[in-house]
Amino acid sequence: DAGVTQSPTHLIKTRGQQVTLRCSPKSGHDTVSWYQQALGQGPQFIFQYYEEEERQRGNFPDRFSGHQFPNYSSELNVNALLLGDSALYLCASSFAGFSSYNEQFFGPGTRLTVL
Amino acid sequence: AQSVSQHNHHVILSEAASLELGCNYSYGGTVNLFWYVQYPGQHLQLLLKYFSGDPLVKGIKGFEAEFIKSKFSFNLRKPSVQWSDTAEYFCAVNAYGGATNKLIFGTGTLLAVQP
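Values in this document were obtained by computation on a predicted structure and should not be read as measured data.

A.B. asks: For this particular structure, what's the right way to read the overall build of chain B?
C.D. replies: The number of helices and strands found in chain B is 0 helices and 12 strands. If you list the helices and strands of chain B from N to C, you get β-β-β-β-β-β-β-β-β-β-β-β. Expected size for 115 residues packed as a compact globule is a radius of gyration near 13 Å; at 14 Å, chain B falls within 12% of this value. Expressed along its principal axes, the backbone C-alpha trace of chain B runs to roughly 45 × 30 × 20 Å. Here chain B holds 115 residues, and 47% of them are scored as buried. Across chain B, contacts joining residues at least 24 apart in sequence account for 54% of those joining residues at least 6 apart. About 5,400 Å² of surface is accessible on chain B, with carbon and sulfur atoms providing 54% of the total. Each charge class in chain B was averaged separately, 8 positive and 7 negative side chains, and the resulting centres sit 8 Å apart.

A.B. asks: Just checking my understanding: could you explain the overall build of chain A for this structure?
C.D. replies: A count of helical and extended segments in chain A gives 0 helices and 11 strands. Across chain A, helices and strands are ordered from the amino to the carboxyl terminus as β-β-β-β-β-β-β-β-β-β-β. Against the 2.2 N^0.38 benchmark of 13 Å for 115 residues, chain A shows a C-alpha radius of gyration of 13 Å, consistent with a compact globule. Dimensions of chain A along its principal axes, counting C-alpha atoms only, are 40 × 30 × 25 Å. Out of the 115 residues in chain A, the part that is buried amounts to 48%.

A.B. asks: When you look at the interface of chain A and chain B in this model, what are you seeing that I'm missing?
C.D. replies: Bring the parts together and some accessible area is lost; that lost area is often taken as the interface size. Of the residues lining the interface, 21 residues belong to chain A; the matching set on chain B comes to 21 residues. On the surface where chain A and chain B come into contact, there are 1 salt bridge. Of the charged contacts in the structure, one is a salt bridge between Glu103 of chain A and Lys49 of chain B, with a shortest N-O distance of 3.7 Å. In this assembly, chain A and chain B are joined by 2 residue pairs in polar contact (both at pLDDT 80 or more). Mapped by element, the contributors of at least two residues to the side of chain A that touches chain B are strand S4 (31–37), strand S5 (44–50), strand S6 (53–57) and strand S9 (87–94) of chain A. Among the elements that take part in the side of chain A that touches chain B, S9 of chain A stands out by supplying 3 residues, more than any other.

A.B. asks: Which parts of the structure should I look at to understand the packing of aromatic side chains?
C.D. replies: Enumeration over the complete set of coordinates arrives at 16 aromatic pairs over all chains. Between Phe106 of chain A and Phe105 of chain B the ring centres are 6.1 Å apart and the planes differ by 75 degrees, which places this aromatic pair in the edge-to-face class. Here Phe106 of chain A, found in strand S10 (residues 105–106), pairs with Phe105 of chain B, found in strand S11 (residues 104–105), and the two come from separate chains. Both residues of the pair, Phe106 of chain A and Phe105 of chain B, count as buried. Aromatic side chains Phe34 of chain B and Tyr36 of chain B sit 6.4 Å apart centroid to centroid with 40 degrees between the ring planes, which places their arrangement in the tilted category. For Lys26 of chain A, the ring lying beneath its charged end belongs to Phe105 of chain A, and the centroid distance is 5.1 Å.

A.B. asks: Just checking my understanding: could you explain the pairing of strand S3 (residues 19–24) of chain A for this structure?
C.D. replies: If a strand is regular, its side chains alternate between the two faces of the sheet. All names here are of chain A. Direction of pairing for strand S1 (residues 5–7) relative to S3: antiparallel, over a ladder of 3 bridges. If you follow Ser7 over to S3, its bridge partner there is Arg22. Where S3 meets strand S8 (residues 74–78), 5 bridges bridge the pair, whose relative direction is antiparallel. Paired with Arg22 across the bridge in S8 is Glu75.

A.B. asks: When you look at the state of the cysteines in this model, what are you seeing that I'm missing?
C.D. replies: By definition, a disulfide is the covalent link that joins the sulfur atoms of two cysteine residues. Scanning the entire structure with this criterion turns up 2 disulfides over all chains. Disulfide pairing places Cys23 of chain A opposite Cys91 of chain A at an S-S distance of 1.8 Å. Between Cys23 of chain A and Cys91 of chain A, the S-S torsion sits near -60 degrees, and that sign places the bridge as left-handed. With Cys23 of chain A in strand S3 and Cys91 of chain A in strand S9, this pair connects stretches of sequence that are 68 residues apart. Cys91 of chain A matches Cys23 of chain A in its accessibility class, with the two residues each being buried. Two residues, Cys23 of chain B and Cys91 of chain B, share a disulfide whose sulfurs are 1.9 Å apart. Across the S-S bond linking Cys23 of chain B and Cys91 of chain B, the dihedral sits near -65 degrees, which makes this disulfide left-handed. With Cys23 of chain B in the loop between strand S3 (19–21) and strand S4 (24–26) and Cys91 of chain B in strand S10 (residues 87–95), the pair connects residues that are 68 residues apart, well separated along the chain.

Basis of the calculations
Residues numbered from 1 in each chain as written. Chains lettered and ligands numbered in written order. Predicted model: local features only at pLDDT ≥ 70, side-chain atom pairs only at ≥ 80, totals over all residues. Heavy atoms only, no water. Helix = DSSP H or I, 4+ residues; strand = E, 2+ residues; numbered from the N terminus. Rg over C-alpha atoms; globule rule 2.2 N^0.38 Å. Buried < 20%, exposed > 50% of the residue type's maximum accessible area, 1.4 Å probe, protein only. Contact = heavy atoms within 4.5 Å. Areas by Shrake-Rupley, 256 points an atom, 1.4 Å probe, with all protein chains shown as cover. Lys, Arg positive; Asp, Glu negative; His and termini not counted. Charge placed at Lys NZ, Arg CZ, Asp CG, Glu CD. Salt bridge = Lys/Arg side-chain N within 4 Å of Asp/Glu carboxyl O. Polar contact = N/O pair within 3.5 Å; in protein donor to acceptor, adjacent residues only side chain to side chain. Phe/Tyr/Trp six-rings, centres within 6.5 Å; stacked < 30°, edge-to-face > 60°. Lys NZ or Arg CZ within 6 Å of the ring centre and 35° of its normal. Pairing = 2+ DSSP bridges. Disulfide = S-S within 2.5 Å.

See the structure below:
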């Protein structure tokens, strides 16, 4: 059973460019969350997708947008890149279910460097 | 707003020493609490979790954590660390019954165990 997969592993962009990161959830999962982990910091919640819609959003500007596809995979798009967007971007998947909390499983992340 | 504080940013121990990592959270309601671990070159993995019941929870690899509601704390402990415990440890909180299961992470504690 494959876990959460992310692509690409590493990415280098320049300021002002746009980037798309991809995530495939763990088998059986229908919810995808994205987190940004800056160097020396803990992951910060960007947003969560369920049923192809953004269900909740963290404190991130509109330059950060996402999409979820019918197969539950997801993309994170960042426009007009800034140096401060350099970070490890983590994808986490879970099953919505009816529990008060459903465990999130994290992927290996995409390391984005903005020059 | 929820927040999580981890007081130890960098801890160095010798093998067989005891470990205690502090974690405090701020949130007035009921929370679910977690410790995640990130081994070098690997993705975030769940170490243990507390939802309700016995405030002393046991996780993988001999780790345990104690939830003290009156102190808003969820400290991680291990009686005897091994070199293989070298990793970064993150405390996280999720608001019980929230619309999503987003996690709020602390800044992490980097543990280095010397052989």
